[in-house]
Amino acid sequence: MDAVITACRAALSRPGAVIVLTGAGVSAESGIPTFRGKEGYWTIGSTEYHPQELATQRAFARMPWDVWAWYLYRRGVCRAAAPNPAHAAIVAWDAALGERFALVTQNVDGLHRRAGSPDARMHEIHGDIDLMRCARECTAARLPIPEAVPAIARGEVVPDAIRAQLRCPSCGEMARPHVLWFDEAYDEPRYHLNTVRALAARAALVVVGGTSAQTNLPWQVVSLAARGGAAIVDINVEDNPFGEIAADSAGVIRAPAGEALPALVHALV
Ligand code: OAD
């Protein structure tokens, strides 16, 4: 930890953005299952699906209400969870650094926002599980999923009265969750692709927390930042590909994010 703190201080003394890049591990201590952990599976009929099969345009086209059931279940889990000390530490660092700070998150659970991270400096690159949009994209508008839409239990079918609320108010067609699916591409209007790439290219320091490094834009963030000379830190309970990059840079912290992030931020602010 001491070596990481020293390397971070050196990076902070140089000009450039400070980016915290988070994944599901940062919400694990809030009780939200990680994406690739065992609890991520979902059964429809007699078939057990992996999130990577369900979080697709292909699955939604074939069985939209089963996909909606999965998202409404997960939305319920997210809404019942509370931010943990990792989220709070990120808010404290944002407040200390102001304009220089950016949060890039793969998490769709809304916990960063609920902890107090300001929208202006937060980039939800995989969307927000509490929002929906027209599945036909008749407008770009994102709408909150109506408050009256309840959580779905495992195995429960989405009732007709709820289906009627999951519609686009403009054209009446079915709505879809506002999340990035595996067979879709990042873009700027919905997922801040260009903004995040530009931030990474001028970063002085990137602290990565709780991600298994399986998705494309996080890879671009770490690669662009490292290429530009930024210091990279990896916080995770397990080894992962970003850890290998961080090991050759500012270092690795193998500890839960809810402990490591508050300790790091406390030492640096
Ligand atoms: P994963 O479930 O793939 O990985 C979670 C990571 O968190 C793993 O590396 C764990 O070791 C680590 N972890 C678990 N508990 C932790 C803790 N308490 N403290 C620190 N680390 C911990 O989740 P992501 O990497 O976020 O995207 O997955 C990225 C994306 O994969 C998701 O956003 C989702 C999926 O594709 C889309 O849906 C587009």
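Before going further, it helps to spend a moment on the overall build of the protein. Scanning the protein from N- to C-terminus turns up 13 helices and 11 strands. Here the C-alpha atoms of the protein give a radius of gyration of 19 Å, agreeing with the 18 Å that 2.2 N^0.38 yields for 269 residues. With respect to the three principal axes, the spread of C-alpha positions in the protein is 60 × 35 × 30 Å. Scored against the burial criterion, the 269 residues of the protein give a buried share of 51%. Once local pairs closer than 6 in sequence are excluded, the contacts in the protein between residues at least 24 apart make up 68%. Accessible area for the protein stands at about 11700 Å²; split by element, carbon and sulfur atoms hold 53% of it.

This part is about the side chain of S27. In this structure, S27 sits in helix α2 (residues 25–28). In this view, S27 contacts I32, N84, H87, N107, D109 and L111; residues no more than four positions away in its chain are not counted.

What follows covers the side chain of D94. Position of D94 relative to the elements: it lies in helix α6 (residues 85–97). Sequence-distant contacts of D94, that is, excluding residues within four places in its chain, are made with F101, P118 and R121.

A general trend in soluble globular proteins is that nonpolar side chains are found buried together. If you look at the biggest cluster of nonpolar residues, it comprises 32 residues, and the most contacted ones within it are L54, W68, Y71, L72, V158 and L166. For this core, the elements supplying multiple residues, two or more each, are β2 (42–44), α4 (57–62), α5 (64–80), β6 (127–134) and β8 (175–179). Top contributing element to this core by residue count: α5, with eight residues. Shared between two domains, this core holds at least three residues of each, these being domain 1 (1–32 + 83–126 + 185–269) and domain 2 (33–80 + 129–179). Ignoring anything within four residues of it in the chain, the contact list for W68 reads F60, M132, I145, V158, L166, M174, A175, R176 and P177. With 29 residues, the next largest nonpolar core counts A11, V207, I253 and A255 among its residues.

A separate point is the layout of surface pockets. Its boundaries defined by the atoms lining it, the second largest pocket holds a volume of some 150 Å³. Taken together, W42, T43, I44, G45, W65, D66, A69, G155, E156, V157, V158 and R163 make up the lining of the second largest pocket. When contributions to the lining of the second largest pocket are tallied by element, the ones reaching two or more residues are β2 and α5. Class assignment of the residues belonging to the lining of the second largest pocket gives a composition of six nonpolar, three polar and three charged.

Next up on the list: the pairing of strand β4 (residues 101–105). By the criterion of burial, β4 is predominantly enclosed, with five of the five residues buried. The alternating pattern of β4 places F101, L103 and T105 and A102 and V104 on opposite faces, both of which are buried. Here β4 pairs with strand β5 (residues 122–124) via three bridges, running parallel. Residue pairing for β5: T105 is matched across the bridge by E124.

Taken together, 21 residues lie near the ligand, and A24, F182, T211, S212 and N236 sit nearest. Contacts to the ligand include H126, whose side-chain N or O atom sits 2.8 Å from an oxygen atom. Residue A257 places a main-chain N or O atom 2.9 Å away from a nitrogen atom belonging to the ligand. When isolated, the ligand has an accessible area of 790 Å², and the protein chains bury 91% of it. Counted by class, the shell around the ligand contains eight nonpolar, 10 polar and three charged residues. When residues of the shell around the ligand are assigned to domains, at least three fall in each of domain 1 (1–32 + 83–126 + 185–269) and domain 2 (33–80 + 129–179).

Domains assigned within the protein are domain 1 (1–32 + 83–126 + 185–269) and domain 2 (33–80 + 129–179). With centres defined by C-alpha atoms, the gap from domain 1 to domain 2 works out at 28 Å. Of the residues lining the interface, 15 residues belong to domain 1; the matching set on domain 2 comes to 15 residues. Two residues, E137 and R190, come together in a salt bridge whose shortest N-O distance is 2.9 Å. At the junction of domain 1 with domain 2, the criterion picks out seven residue pairs in polar contact (both at pLDDT 80 or more). Taken together, the elements giving at least two residues each to the side of domain 1 that touches domain 2 come down to α2, α7 (111–115) and α9 (188–191).

Definitions and cut-offs
Residues numbered from 1 in each chain as written. Predicted model: local features only at pLDDT ≥ 70, side-chain atom pairs only at ≥ 80, totals over all residues. Heavy atoms only, no water. Helix = DSSP H or I, 4+ residues; strand = E, 2+ residues; numbered from the N terminus. Rg over C-alpha atoms; globule rule 2.2 N^0.38 Å. Buried < 20%, exposed > 50% of the residue type's maximum accessible area, 1.4 Å probe, protein only. Contact = heavy atoms within 4.5 Å. Areas by Shrake-Rupley, 256 points an atom, 1.4 Å probe, with all protein chains shown as cover. Core = buried A, V, L, I, M, F, W, Y, C linked by side-chain atoms within 4.5 Å. Domains from an automatic or database assignment. 1 Å grid on protein atoms, 1.4 Å probe; cavity = no way out; pocket = protein on both sides within 12 Å on 5 of 7 lines; lining within 4 Å. Points joined across faces, edges and corners; volume = space filled by probe spheres on them. Nonpolar A, V, L, I, M, F, W, Y, C, P; charged D, E, K, R; others polar. Pairing = 2+ DSSP bridges. Near = heavy atom within 4 Å. Polar contact = N/O pair within 3.5 Å; in protein donor to acceptor, adjacent residues only side chain to side chain. Salt bridge = Lys/Arg side-chain N within 4 Å of Asp/Glu carboxyl O.

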